[in-house]
Every structure is written in C-alpha cells, then in structure tokens.
Amino acid sequence: METNRRMGVFGFSWSFFLLAALFLDGKRALAELRYSVPEEVKESTIVGNVAKDLGLDISSLVARRFRVVSESEDAFFEVNPHNGELYVRKRIDRDGFCQGRESCLIELKIIVENPLEIHYAVVEITDINDHAPVFPEKLQTFEIGEHTLPGRRIQLHAANDPDAGINSIRTYTLTSNENFEINIRQSDSEKIPFLVLKNSLDREKKDKHSLLVTAFDGGKPPKSGRLNVSIIVLDSNDNRPTFSQDVYQIAIQENLPVGTQIMKLNATDFDEGINGEFEYSFGKALKRKMYDIFDLDKVSGEIKIKGTIDFEENELFGLDIEAMDKGPNPMIGECRVMIKVVDMNDNAPEIEVTSLSERVQEDSKPGTVVSLIKVKDKDSGLNGKIILQITNNVPFELKPSYKENTYSVVTKTVLDREDVSQYEIILKATDCGEPPLSSFKTLNIQISDVNDNSPHFQQNPLDFYLSENNLAGASVFSVSATDNDLNENAAVSYHIVREGRKNDLLSFLNINSDNGHISALKSFDFETVKSFQFQVVATDSGSPSLSSNVTVNVFILDQNDNPPVILYPVNSNGSAEGVEEIPRNVNAGHLVTKVRAYDADVGYNGWLLFSLQQVSDHSLFGLDRYTGQIRTLRSFTETDEAEHKLVILVKDNGNVSLSATATVLVKVVEPKEAFAASDVKSSAKVDEDTDVTFYLMITLGSVSVLFIISIIVLIAMQCSKSTDYTSKYLQETNYDGTLCHSIQYRSGDKRYMLVGPRMSIGSTIVPGSHANTLVLPDRRRASEEVGSVVTYVG
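Before going into details, it helps to say that this report is about the structure given with it. Remember, predicted model here, so these are calculated numbers, not experimental data.

Quick look at the packing of aromatic side chains now. In this structure the tally under the stated criterion is 12 aromatic pairs. Aromatic ring contacts, followed pair by pair, group F243, F278 and Y280 into a single cluster. Here the guanidinium or amino end of K403 rests over the ring plane of Y120, the centre of that ring lying 4.6 Å away.

Pasting the structure below:
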C-alpha cells in the first residue's frame with residue numbers, strides 16, 4: 001500500500017489537450033490543460049509546469065501577474081510565478097471533496113495580464129485505497145419463522161466505503177452454511193447485500209443461526225469489514241405483506257411545503273388476525289438524511305415532506321420501504337420508491353467579475369476589453385439558461401467567449417472624458433425560467449484624461465481700451481483661456497507673439513505666463529499712437545502640448561493732458577499779445593480781430609471755449625465764446641478812451657480743464673490815420689505775400705508728395721490688417737475759424753467718433769459710451785477701404 005502511495009505521488013502523469021483555438025477581438029487563443037494527481041499527496045507536490053505547457057515566457061510571469069483562480073471554494077492548487085509550476089497547496093481528501101463520485105475534477109482558471117490571457121486547466125484527483133469497508137452496526141439480528149419458503153430475502157446493512165471506483169466495495173461474502181447464501185443488488189451507486197434463504201428452517205433442529213458477512217473493496221490488496229448476523233427461527237407466519245409494485249416511481253417539484261403528501265402506500269397480507277396486521281417503516285439501509293427529508297406514517301403508509309427538497313442538492317431519492325406484520329413470526333414485505341425531483345426556477349443567476357480595469361483612457365480604440373464576466377445558475381434546463389445584457393445606455397457592449405456563459409465587456413465607441421468622466425455599467429443576468437429571475441451587477445469605470453483639447457478663448461478678437469498716461473510697469477489688462485482637460489493637460493501658459501513683427505510697441509509689453517496679466521513698461525500717448533494690435537498664444541502643458549491664439553486690439557483713450565495753444569495773436573517774442581487799430585467811426589458789430597487757438601487733445605478735451613477775463617469797457621466789445629471773434633457792441637463816442645486792453649481766456653472742456661490767455665490791445669484812431677496804417681500794412685502785406693507765395697508753392701508740392709506716399713502706405717497697411725478697425729480724423733464742415741478736430745474709428749461692425757464743438761450732425765450718442773463719442777451710420781461698402789486722415793481746420 002505504501003508502494004502504491006509513492007507511485008501515486010511521484011508517478012502520476014499529466015496530459016495536455018488542446019480544446020479550442022478561437023480568437024476574440026485580437027486576443028490570443030485559449031487552451032485547456034488536463035493533469036491528474038492522487039489524493040492525500042504532500043503539500044508542495046508538483047503537478048506540472050503550466051507556463052511551459054502553455055508556451056509562456058517564464059521570465060515575464062511575475063510582471064504579468066501569473067496566477068491561478070480555482071473554481072472550487074477551497075484553493076487546493078497554486079502556481080509558482082517564478083518557474084510556472086503548478087503545485088498542491090493543501091491536503092486533498094478526495095473522499096470528502098467528491099463524496100464518492102466516479103470522476104473527481106477540479107477546474108482551474110489561469111490568468112496572465114499585459115496582455116490579458118485566460119487559460120483553463122482541469123486536475124483529476126485520483127483515488128487511493130485509504131479506507132476499509134465499515135458496517136453501521138456490528139451485529140444485525142433477524143427473526144425467521146419456520147417453514148419459511150426458500151428464496152426469502154433479508155436485506156442486510158450495506159457497508160460504507162468512502163473510496164471511489166475500483167477502491168470502493170466490490171463484493172460481500174458469507175460464511176459457509178446450509179441454509180443461507182449472500183445475494184447482492186446493485187442500487188444506484190452502491191451494492192446492497194441480501195441474505196437469501198436456500199432451505200427451509202426447522203426450529204426443532206436449530207433455533208438460532210450465527211453468520212459472518214464480510215465486505216471487500218477492490219483495492220490491491222483489498223480491505224474488508226465484517227458484520228455479525230444472528231438469525232432467530234420463529235414459529236410459522238407464512239405470509240408476508242406484499243406491495244403492488246416492487247418499485248414505485250413518482251415525480252415531485254422541489255420546494256414543496258413541509259407536510260405535503262406525495263404518495264400513499266397500500267400493502268396487503270393474506271394472513272388473518274394479528275399475522276395479517278402490519279406497519280410500514282423505512283428500510284434499515286436507508287441513509288440517515290432521508291429521515292430528515294421524508295416522513296412515513298407507519299399505519300396509513302402516507303409519505304409526506306418533512307424537510308427541504310432542493311433539486312440543486314439531490315435530483316433523485318430512493319426510499320426502501322418495509323411492511324412488517326404483527327404475527328408471532330413477523331414477515332416483511334419490501335418495495336422501493338424512486339422519487340424524481342422536478343427543477344423549479346428558484347435560483348437567480350450569479351454574475352462573477354473575473355477581471356476589471358477600473359480606469360480606461362479616453363482615446364482607447366473601440367473594442368478595448370475593460371472587464372471579463374462569468375455568469376452561472378444553479379438551476380438546470382431553461383431555468384439555468386442565462387441571458388446577460390447591459391441595461392443602461394453606455395458606450396460599452398458585451399462580447400461572448402467561446403466558453404459558455406463567459407463574456408468580455410469592451411468599448412463600443414470612442415470615449416470623451418470631457419463629455420462623461422465616469423460610467424456605471426449595469427449588467428443584468430436573466431434566466432429563461434417561468435417566471436424568470438434576474439440579478440444585477442454594477443461596474444464603475446473611470447475615464448482617464450488625455451490632452452485632446454486646446455486652450456480656448458471665450459472671445460476672439462479681444463478689444464481693450466487703455467487711457468493714455470498709464471503707470472509704467474503696472475498691469476493694464478489680462479487675457480484668459482480655458483482648457484477642458486485635467487491637471488497638466490489643462491495648465492495654460494501665455495506668451496506674446498513677437499517673431500516677424502515690426503511693431504516697436506510690443507517690446508514695451510510684458511505678459512505673465514501663468515495668469516495672462518499684461519503690463520506696459522511705458523506710458524502711452526494718445527497723440528502719438530491711437531491703437532495697436534498683437535497676438536497672444538495660450539499653450540497647455542500636455543504632451544504633446546496644444547495651443548491657440550487670440551488677437552488683441554488695444555485702443556488708447558485720450559486724456560486732457562494738453563493745454564490750449566494760442567496761434568493768434570502772437571507777437572515777435574512769442575507771447576500771446578497783439579495790437580489792433582480800428583477807426584473811431586465803425587459801427588456796432590465791426591470785427592475787431594479773431595483769437596485763434598489749438599488743443600492737441602480730442603473730443604471734449606480739445607473743445608475750446610473763449611471768454612473775456614479782463615476788458616476796460618464791457619459796453620464796447622463782445623467775444624464769441626465758440627469762435628473767438630471780437631466785435632464792437634456799439635459805435636464809439638468822443639468820450640471813449642483811445643486805447644483798450646482785452647484779456648481773453650481760452651479753456652478746454654476736459655474734466656479738469658486746462659487754459660491759456662491772450663492779450664489784445666485795441667487802439668481807436670481817426671479814420672485818416674486808420675487808412676494810412678491800412679496802406680502801410682497793405683504795402684508790407686504785398687512784400688510779405690510775395691515771399692509767402694514762394695514758400696506756399698514749395699510747401700504745397702511737398703505736401704502733395706507726402707500725401708501720395710501716405711495714401712500708398714495706408715493702402716498697404718489696410719491690406720495687411722486682419723481686423724476691421726480704423727482711425728479717422730474728419731474735417732469739421734462747419735468751419736468757424738477755431739481749430740478743433742475729431743477721431744473716427746471702427747470696432748467690429750460699429751463706427752465711433754470722438755467729437756469737437758458743433759459736430760454730430762445726423763449722429764447719435766450711444767448710451768453708456770464716453771460722453772464725447774458718437775456712433776455714425778456705416779455708409780461704407782464692403783469693399784471700401786478705410787484710411788486714416790488727420791485734418792486741422794484753422
């Protein structure tokens with residue numbers, strides 16, 4: 001026996017079967033291995049080298065998480081991830097694990113990852129003869145009446161041997177005697193011994209027989225167990241109760257309520273009196289658990305449900321029933337009731353998640369495997385047929401495997417984390433029973449971010465308005481872009497495009513690369529530059545990085561930083577003083593002179609008003625506050641002074657107005673003196689005009705050339721501009737002699753004008769705009785080019 005054990009441990013063999021070679025979504029072919037190992041082998045006994053049999057690279061087993069998943073509740077086997085060997089993890093008691101079944105198989109699931117592979121192996125546990133037959137009792141006693149006819153059968157206790165196959169019970173023997181012989185009836189998977197009467201007994205010769213029954217198994221060498229049988233010979237009761245059938249067959253549904261009657265036996269005994277009365281009982285060889293499931297009424301013969309009937313535990317029950325009469329020499333009738341259990345749909349399907357990738361990249365291709373699923377149902381037939389489906393609307397689908405009830409969950413479409421960052425996949429397994437039963441399982445899948453979104457500006461182009469005389473070095477405005485990605489893929493940095501640009505203004509701009517704040521390193525002067533344009537690029541920190549740009553239009557807003565300048569009168573030393581002579585006989589309304597002034601600012605800041613700050617006689621002279629014209633209010637009298645001093649204040653309309661003063665001395669002369677002075681002036685004027693005419697011709701020629709060059713430059717600049725905004729200086733049509741000016745520019749689909757005095761004919765002021773800004777009707781054609789013209793009127 002020890003030799004057989006060693007042979008079982010060290011001489012077992014394995015066989016390799018290639019069951020199938022199927023491809024599922026580009027996966028490697030799966031195969032099933034088959035090994036065998038005897039029971040009771042020592043722990044760490046090597047069963048076979050799984051990695052070698054599967055053709056796996058042994059050096060990569062640890063990195064690929066080479067492991068075994070047992071289908072049984074107890075993990076009897078494990079694999080060595082360093083050499084690929086399958087070994088016994090714990091002691092295996094085949095008799096307890098397989099409970100006498102002929103074939104004892106353990107299915108193993110072998111998994112490697114990166115890429116994911118599943119292989120299946122079956123290990124057959126072979127039996128060894130480690131148990132001897134055992135009878136439930138040492139002594140069994142029977143009473144037999146004399147004159148009992150030969151052929152009387154007495155059922156003996158069946159011996160129990162947990163071993164299986166050839167090592168289980170093979171035969172029973174009986175000690176040699178004249179009256180009895182042993183007979184064996186095969187019942188299901190066991191042999192039941194019967195003591196058969198060969199010859200009638202004679203109590204007067206011998207009233208007691210002692211026999212020895214021996215049970216042998218099929219091991220080499222065989223093992224045995226013994227049962228002492230005592231036969232007591234009684235007086236004649238020569239009729240035994242009989243059943244209408246030796247074997248009854250009925251079918252019942254599982255899960256019947258306790259107390260349900262499933263059948264009623266009806267045996268008969270032809271004897272009279274007490275010899276014809278009998279009681280029912282279970283056979284002595286009946287297993288103890290049958291007493292917990294069924295109840296037999298000894299008087300009526302009714303068989304009722306006492307415990308739980310579960311098809312998944314037992315599909316068939318065999319009940320040995322005896323009917324024993326009450327005569328002085330009781331006789332027993334026997335029958336067998338075969339009870340077939342009909343399966344009911346009382347078990348919901350089970351969903352097992354074999355493998356799950358909890359994070360999936362959003363750029364995964366359709367068909368990427370995220371989980372492996374196995375379903376099972378303890379019921380049979382249609383009750384165990386399972387339909388697995390995904391119940392909610394998610395971009396995943398099920399792919400069946402070649403192995404029944406095995407599925408993979410794969411991506412169905414392209415994923416987008418910015419649209420949905422997490423999915424709940426609800427699996428529903430439904431059997432085909434009536435009514436059907438279902439179970440659910442939820443898989444949580446996180447979508448990992450990839451850098452697939454460029455930074456985005458909410459508006460392009462961006463328009464900013466900056467007052468002139470800004471503080472150098474201070475932040476003037478900022479740009480901001482958003483990125484729908486996560487973490488470093490959404491970390492945005494900014495820079496100004498300077499390459500290939502000839503705009504010197506960009507050298508005075510600096511941008512904070514982290515927050516987009518733009519600061520100016522110099523103060524801007526509206527009188528020097530009215531607007532400029534540049535581009536900002538926003539770049540994320542992904543790999544590879546993505547970027548986008550925005551066009552920034554900057555418009556400089558005028559501030560009242562220029563005081564009015566007196567153009568007339570101005571004397572030779574540059575001071576604002578002048579002398580005017582007028583005849584004494586002029587009438588009221590006579591134009592004495594006109595004060596001319598200029599302000600470099602625009603709009604209200606350049607809108608000039610004139611006022612008399614000082615005058616010797618308020619009744620003689622009046623000043624137009626808008627044009628600067630000085631006129632007489634009445635005729636001169638003899639009593640009026642001959643000389644008058646007028647001080648004129650010129651003031652702009654800024655929030656904090658700036659001003660300048662001019663002094664005019666008016667001398668009243670007699671008419672002849674005035675004419676003489678006029679002639680002298682005319683003569684001087686002729687000489688002066690000669691020189692002026694020459695210089696004017698040179699000036700006009702230069703201006704014409706410069707004008708043509710300016711037109712060409714403006715056309716070239718307009719063609720190179722990408723945005724639709726311009727600056728215009730328009731000539732005031734209502735000329736009144738005072739220098740004033742306005743600015744017209746375009747932003748988007750609107751035109752704006754900064755105005756001076758007496759403008760805005762046919763224009764309207766936009767609510768919420770600057771007080772000196774007008775919106776003009778756009779009379780341009782789409783193809784018209786907008787230039788910039790500066791016109792001074794004086």
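Additional details are given in the paragraphs that follow.
All right, on to the sheet that holds strand β23 (residues 350-356) then. Taken in spatial order, the 4 strands line up as β23-β25-β28-β27 in an open sheet, and their pairing is antiparallel. Every other strand in the sheet has two partners, leaving β23 and β27 (396-400) as the edge strands with one partner each. Taking each pair of neighbouring strands and ignoring which way they run, the sheet shows an average axis angle of 30°.

As a further point, take a negative patch on the surface. On the surface, a cluster of negative charge is made up of D363, D416, D419 and D452. Tracing the chain through its elements places D419 in the loop between β28 (406-411) and β29 (422-431). You can call D419 exposed: its relative accessible area is 60%.

What follows covers a nonpolar patch on the surface. On the surface, a cluster of nonpolar side chains totalling about 440 Å² of accessible area is made up of V705, L706, I709, V713 and M717. The topology assignment puts M717 in helix α5 (residues 671-720).

On to the environment of K326, then. Tracing the backbone through its elements, the reader meets K326 in the loop between β21 (316-325) and β22 (332-342). Classification of K326 by relative accessible area gives partly exposed; the value is 37%. Not counting chain neighbours up to four residues away, the residues in contact with K326 comprise I274, E277, F278 and E279.

On to the pairing of strand β6 (residues 85-88). A one-sided burial pattern is seen for β6, the buried positions being L86 and V88 and the unburied ones E85 and Y87. Bridge analysis of strand β3 (residues 46-49) against β6 gives 3 bridges, and the strand direction is antiparallel. The partner of I46 across the bridge, within β6, is Y87. Examined bridge by bridge, strand β5 (residues 77-79) and β6 share 3 bridges and lie antiparallel to one another. For E78, the partnering residue across the bridge sits in β6 and is Y87. Remark: 5 residues form the turn of the hairpin made by β5 and β6, two consecutive strands paired antiparallel; G84 in that turn has positive phi of roughly 80°.

Another aspect to go through is the sheet that holds strand β47 (residues 643-651). Ordered in space as β41-β48-β47-β44, the 4 strands form an open sheet in which the pairing is mixed. In this open sheet, the two strands that pair with only one neighbour each are β41 (577-583) and β44 (609-615). The mean inter-strand angle of the sheet, taken between neighbouring strand axes irrespective of direction, is 30°. Judged from the 7 bridges that link them, β41 and strand β48 (residues 659-669) form a sheet pairing that is parallel. Note that in β48 the partner of E581 across the bridge is K667.

Calculation criteria
Residues numbered from 1 in each chain as written. Predicted model: local features only at pLDDT ≥ 70, side-chain atom pairs only at ≥ 80, totals over all residues. Heavy atoms only, no water. Phe/Tyr/Trp six-rings, centres within 6.5 Å; stacked < 30°, edge-to-face > 60°. Lys NZ or Arg CZ within 6 Å of the ring centre and 35° of its normal. Pairing = 2+ DSSP bridges. Helix = DSSP H or I, 4+ residues; strand = E, 2+ residues; numbered from the N terminus. Axes fitted to C-alpha atoms, helices over the stretch in contact; angles between N-to-C directions. Patch = residues over 30% accessible without salt bridge, like charges linked within 9 Å, V, L, I, M, F, W, Y side chains within 5 Å. Areas by Shrake-Rupley, 256 points an atom, 1.4 Å probe, with all protein chains shown as cover. Salt bridge = Lys/Arg side-chain N within 4 Å of Asp/Glu carboxyl O. Lys, Arg positive; Asp, Glu negative; His and termini not counted. Charge placed at Lys NZ, Arg CZ, Asp CG, Glu CD. Buried < 20%, exposed > 50% of the residue type's maximum accessible area, 1.4 Å probe, protein only. Contact = heavy atoms within 4.5 Å.

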